[in-house]
Amino acid sequence: MLKRFIWVGLLSSSLLGGMAAAKDEAPQPAAAPAPAETKAERDARMKWWREAKFGMFIHWGVYSVPAGTYNGKQINGIGEWIMNRGKIPVDVYAKYTEQFNPVKFNADEWVATAKAAGMKYIVITSKHHDGFAMFHSKASKYNIYDATPFKRDPLAELAEACRKQDIRLGFYYSQAQDWHHPGGAASGGHWDKAQDGDADAYLKNIAVPQIREILSNYGKVAVLWFDTSMGAYMSKERAEMILPELKRQPGIIWNNRLGGGYRGDTETPEQHIPTAGYKDRDWETCMTMNGTWGYKSYDDKWKPTEALLQNLIDIASKGGNYLLNVGPTSEGLIPAPSVERLKEVGTWMKVNGESIYETTGTPFSQPLPWGRATKKVNGDEATLYLHVFSWPKDGKLAVPGIKNAAESAYLLADSAKKPLKVEKGSPHGWTIELPGAAPDAISSTIVVKVKGPLDIDQPPVQYESEKKPAKKPAKKPATKGKGVDSLK
Ligand code: FHN
């Protein structure tokens, strides 16, 4: 009991509202828990992540073999959920492993694609809800090394490629949902008796040992991305079976999806961008490039590069990170439409990356009609990056409310940094005179240097976390003992 109390003390920075094991237990002996992380320690731990702004999400698994079709029928929903949506029996789904031989997989190429796009970290699915491990796991033979003709460990190869190319690597792990191993949870409840079993035994024999494996055997792991805590399934006690494993990776960053009342380090809005970001919480929007995370052979709803790029800028302007997904095929290839888009994003980032990396959110509390803003503040100097999506036809860009004088202004794409004229408004604001043509059709960046603390006449911003949560619909009664029916 004492040990647990000390462990919970270590994580007090990640506890929901100071929730601690001691509150609902008999008074503990006066053991001083290890000091919680200080703000300075946390800021140091989060620094690289906050500066990185942009990462690659990879959803890759045996689901890429059926690729959205089962028994000749196209199965609705996201590709990695085909086993659940198609109610495919455990032994039938497991047969796909015999066809999973991604011989075209090249970790160096994947990492180079991410880097060229301007991505600073990669988070790959080590085990998704289908229970299939994409690494050589000793905890279960249901893995890519033991159960497929591939006989390789792609996570080991990816870890090596990330080390060589100096990009950080994180792992996604589905800690509650597991549609293969008995006792794992399943959204909507189990559909095959083979899935029934004891949840604690599942945690003890599969989830915790596999989390230990991915945090012990692949060198430095920068991020652990938990997913779908499944409500009551992931109790505080079960979450605390998992948490001690994080100590194997000092400095690791983990998200808000473990469950058991733990908030982790980051909020994880999915497929949407918060209107104004979160007050005092790091956050990362994860998004697909088409309509699915895991590969589907017939999903060609590819978002245009303009949308992907303006999402990145919008997210950075609100102080968040963008985790943009690719879903590789069963041959081990990132789909060509994804590669094309990433190349185009990378071309923009080569010219404009300075306006994204290491920036903090916009100083403007209201949306700018023509685009977004990011900033870098260094003592009493500030650099504003104005991201112009809609280039003014009259060549005059209005910047509202700002009281500071502009020391200098130029187009980031202009290597000569030809000065732009900035007229002060009365009483506040600027009008920046721009050349006729925008340097970039998607977004052009204007750099404005300002002296002194930024002073803007504007209403206060309303952060996401200050908003009243939307009323949740009345909960359906959970299906007892057959997995759980809540996704979150
Ligand atoms: O159920 C998963 C889904 O398959 C996918 O992994 C996303 C990515 O964030 N997370 C869950 C849905 O919220």
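Residues numbered from 1 in each chain as written. Predicted model: local features only at pLDDT ≥ 70, side-chain atom pairs only at ≥ 80, totals over all residues. Heavy atoms only, no water.

Caption draft 1: Representation of the pattern of salt bridges in the model. In this structure the tally under the stated criterion is 31 salt bridges. The salt bridge partner of lysine 403 is aspartate 455, with a shortest N-O separation of 3.9 Å. Pair noted here: lysine 403 is in the loop between strand S13 (396-399) and strand S14 (406-411) and aspartate 455 is in the segment after strand S17 (444-451), with a separation of 52 residues, a long-range link. Classification of lysine 403 as partly exposed rests on a relative accessible area of 35%. Between lysine 421 and glutamate 423 there is a salt bridge, and its shortest N-O distance comes to 2.7 Å. (Salt bridge = Lys/Arg side-chain N within 4 Å of Asp/Glu carboxyl O. Helix = DSSP H or I, 4+ residues; strand = E, 2+ residues; numbered from the N terminus. Buried < 20%, exposed > 50% of the residue type's maximum accessible area, 1.4 Å probe, protein only.)

Caption draft 2: Local environment of the nonpolar core. Counting residues in hydrophobic clusters, the biggest one holds 95 residues, and the most contacted among them are Met56, Tyr93, Ile122, Phe171, Leu224 and Tyr233. No other element matches the 9 residues that helix H7 (residues 199-216) contributes to this core. Leu368, Val399, Ala409 and Trp430 belong to the second-largest nonpolar core, a separate cluster that totals 22 residues. (Core = buried A, V, L, I, M, F, W, Y, C linked by side-chain atoms within 4.5 Å.)

Caption draft 3: Representation of the sheet that holds S14. Strand order in the open sheet formed by 4 strands is S11-S12-S17-S14, and the pairing between neighbours is antiparallel. Only two strands of the sheet have a single neighbouring strand rather than two, namely strand S11 (371-378) and S14. If you compare each strand with its neighbour and ignore which way they point, the axes differ by 20° on average. Relative to S17, strand S12 (residues 381-388) runs antiparallel, the two sharing 8 bridges. Residue pairing for S17: histidine 387 is matched across the bridge by threonine 445. Each of S11 and S12 touches helix H9 (residues 305-317); the most contacted strand, S11, lies at about 45° to it. (Pairing = 2+ DSSP bridges. Axes fitted to C-alpha atoms, helices over the stretch in contact; angles between N-to-C directions. Contact = heavy atoms within 4.5 Å.)

Caption draft 4: View of the sheet that holds strand S4 (residues 121-127). Reading across the sheet, the 8 strands line up as S7-S6-S5-S4-S1-S10-S9-S8 and stay open at both edges, with parallel pairing between neighbours. Across the chains shown, the open sheet's two edge strands, defined by having one partner strand only, are strand S7 (253-254) and strand S8 (266-267).

Caption draft 5: Structural detail: the environment of glycine 131. Following the sequence through the fold, glycine 131 ends up in the loop between S4 and helix H6 (154-165). The class for glycine 131 is buried, based on a relative accessible area of 0%. Separated by 45 residues in the primary sequence, glycine 131 and alanine 176 have C-alpha atoms spaced 9.9 Å apart. Residues in contact with glycine 131, not counting those within four places in the same chain, are Tyr142, Asp178, Trp179, His180 and His181.

Caption draft 6: Up close: the site of the ligand. Around the ligand there are 16 residues in total, and His59, Glu80, His129, Asp227 and Glu270 lie nearest to it. Residue aspartate 227 places a side-chain N or O atom 2.6 Å away from a nitrogen atom belonging to the ligand. Take arginine 257: an N or O atom from its side chain is 3.5 Å from an oxygen atom of the ligand. In the complex, 96% of the free accessible area of the ligand, which totals 330 Å², lies under the protein chains. (Near = heavy atom within 4 Å. Polar contact = N/O pair within 3.5 Å; in protein donor to acceptor, adjacent residues only side chain to side chain. Areas by Shrake-Rupley, 256 points an atom, 1.4 Å probe, with all protein chains shown as cover.)

Caption draft 7: Structural detail: the confidence of the model for the protein chain. Overall, the predicted model of the protein chain reaches an average pLDDT of 91, with 88% of residues at or above 70. Predicted confidence is poor over residues 1-25, with pLDDT under 50, and the contacts of this stretch with residues over four places away or in other chains come to 50 contacts. Considering only residues more than four positions removed or in separate chains, one finds that residues 477-481, a stretch of pLDDT under 50, has 6 contacts. (pLDDT = per-residue confidence, 0-100.)

Caption draft 8: Structural context of the side chain of threonine 125. Within the secondary structure, threonine 125 sits in strand S4. Within the local environment of threonine 125, its side chain forms a polar contact with the backbone nitrogen of tryptophan 60, the two atoms lying 3.0 Å apart. Ignoring any residue separated from it by four or fewer positions in sequence, one finds threonine 125 in contact with Ile58, His59, Trp60, Tyr63, Met134 and Tyr172.

Caption draft 9: Representation of the environment of aspartate 178. Mapped onto the fold, aspartate 178 is located in the loop between strand S5 (168-173) and H7. Between the C-alpha atoms of aspartate 178 and tyrosine 202, which are 24 residues apart in sequence, the distance is 9.0 Å. Once residues within four sequence positions are removed from consideration, aspartate 178 is found in contact with Lys127, His129, Asp130, Gly131, Gly184, Ala185, Tyr202 and Ile206. Of the polar contacts made by the side chain of aspartate 178, one reaches the backbone nitrogen of histidine 180; its length is 3.0 Å.

Caption draft 10: Looking closely at the pairing of strand S10 (residues 321-326). The buried count for S10 comes to 6 of 6 residues, which makes it a mostly enclosed element. Residues Asn321, Leu323 and Asn325 of S10 are buried on one face, and the alternating residues Tyr322, Leu324 and Val326, pointing to the opposite face, are buried as well. Of the strand pairs in this sheet, strand S1 (residues 54-58) and S10 are connected by 5 bridges, and their pairing is parallel. In the strand pairing of S10, phenylalanine 57 is matched with asparagine 325. Note: strand S9 (residues 282-287) against S10, 4 bridges, orientation parallel. Paired with glutamate 284 across the bridge in S10 is asparagine 321. Each parallel crossover has a hand, and the one from S9 via H9 to S10 is right-handed. (Right-handed = clockwise from strand over helix to strand, strands pointing away.)

Caption draft 11: Spotlight on the layout of surface pockets. In this structure, the second largest pocket occupies an estimated 1100 Å³ of space. What lines the second largest pocket is a set of 45 residues, and nearest its centre among them are Tyr278, Lys318, Gly319, Gly361 and Tyr463. Ranked by the residues each element gives to the lining of the second largest pocket, the list is headed by helix H2 (residues 39-52), at 8 residues. When its residues are assigned to classes, the lining of the second largest pocket shows 13 nonpolar, 15 polar and 17 charged. Here the lining of the second largest pocket spans two domains, since at least three of its residues come from each of domain 1 (10-20 + 38-355) and domain 2 (371-455). (1 Å grid on protein atoms, 1.4 Å probe; cavity = no way out; pocket = protein on both sides within 12 Å on 5 of 7 lines; lining within 4 Å. Points joined across faces, edges and corners; volume = space filled by probe spheres on them. Nonpolar A, V, L, I, M, F, W, Y, C, P; charged D, E, K, R; others polar. Domains from an automatic or database assignment.)

Caption draft 12: Layout of the packing of helix H5 (residues 107-116) against H6. Two elements in contact, H5 and H6, have axes whose closest approach is 8 Å; the angle formed by their N-to-C orientations is 50°. When the interaxial angle is binned, H5 and H6 end up oblique. The two elements H5 and H6 cross, and the hand of that crossing is right-handed. Residue-level inspection shows Ala107, Asp108, Trp110, Val111, Ala112 and Lys115 of H5 in contact with H6, the latter providing Glu157, Leu158, Ala161, Cys162, Lys164 and Gln165. For the contact of H5 with H6, a count of residues per class yields 7 nonpolar, 1 polar and 4 charged. (Parallel < 35°, antiparallel > 145°, perpendicular 65-115°, else oblique. Left-handed = near helix turned anticlockwise from the far one by under 90°.)

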